[in-house]
Amino acid sequence: SGYTPTEVYKFDASEFLDIGYPCTSPNLMASFIRVNENECIDTNATNATSQALYIIRGSGYTLSQDHGRMEWNTGDMVVVPMTNSKMTHYCTSEKETGGAAIYWVHDEPLLNYLGVKPSE
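Calculation criteria
- Residues numbered from 1 in each chain as written.
- Predicted model: local features only at pLDDT ≥ 70, side-chain atom pairs only at ≥ 80, totals over all residues.
- Heavy atoms only, no water.
- Helix = DSSP H or I, 4+ residues; strand = E, 2+ residues; numbered from the N terminus.
- Rg over C-alpha atoms; globule rule 2.2 N^0.38 Å.
- Buried < 20%, exposed > 50% of the residue type's maximum accessible area, 1.4 Å probe, protein only.
- Contact = heavy atoms within 4.5 Å.
- Pairing = 2+ DSSP bridges.
- Axes fitted to C-alpha atoms, helices over the stretch in contact; angles between N-to-C directions.

### A few points about the overall build of the chain
In terms of helices and strands, the chain carries two helices and nine strands. Overall, the chain shows an N-to-C arrangement of helices and strands of β-α-β-β-β-β-β-β-β-β-α. Computed over its C-alpha atoms, the radius of gyration of the chain comes to 15 Å, within 12% of the 14 Å expected for a compact globule of 120 residues. With respect to the principal axes defined by its C-alpha atoms, the chain has extents near 45 × 35 × 20 Å. Per-residue burial for the chain yields a buried fraction of 42% across its 120 residues. Considering only contacts within the chain whose residues lie at least 6 apart along the sequence, 68% involve residues at least 24 apart.

Structure follows, in structure tokens:
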């Protein structure tokens, strides 16, 4: 097997759906996040009411300026309410493949469609 970089793999169907913003469906954006051991990656969905991260494999933590440090392990579901800043995801351990796999979804496309911003 070859090297897989730390990266966000978006399921962006906006071109197919003829929508002017990234989305998987008109009301949802879904992505896989790969984070190699001892690496990190930022995500940014500041126009979402919430975000969900399902940890497919790996251990690590996510840092958010608004919500602090959130530890996670394989099988965890991390739900994050509205945030005004990026989140940074760190993989501390994943011995089988050398990197964490995370399924990430948020509702930013819905708010973009409605032309609204989330509120606290």
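### A look at the sheet that holds strand β4 (residues 50-57)
Strands in a sheet are paired, the pairing made by backbone hydrogen bonds, and the direction either parallel or antiparallel. In space, the five strands of this open sheet follow the order β1-β2-β9-β4-β7, with antiparallel pairing throughout. The two strands at the open ends of the sheet, each matched to only one other strand, are β1 (7-10) and β7 (77-81). In this sheet, adjacent strand axes meet at a mean angle of 20° when their direction is disregarded. By the bridge criterion, five bridges tie β4 to β7 in an arrangement that is antiparallel. Within the sheet, the bridge partner assigned to Leu-53 lies in β7 and is Val-78.

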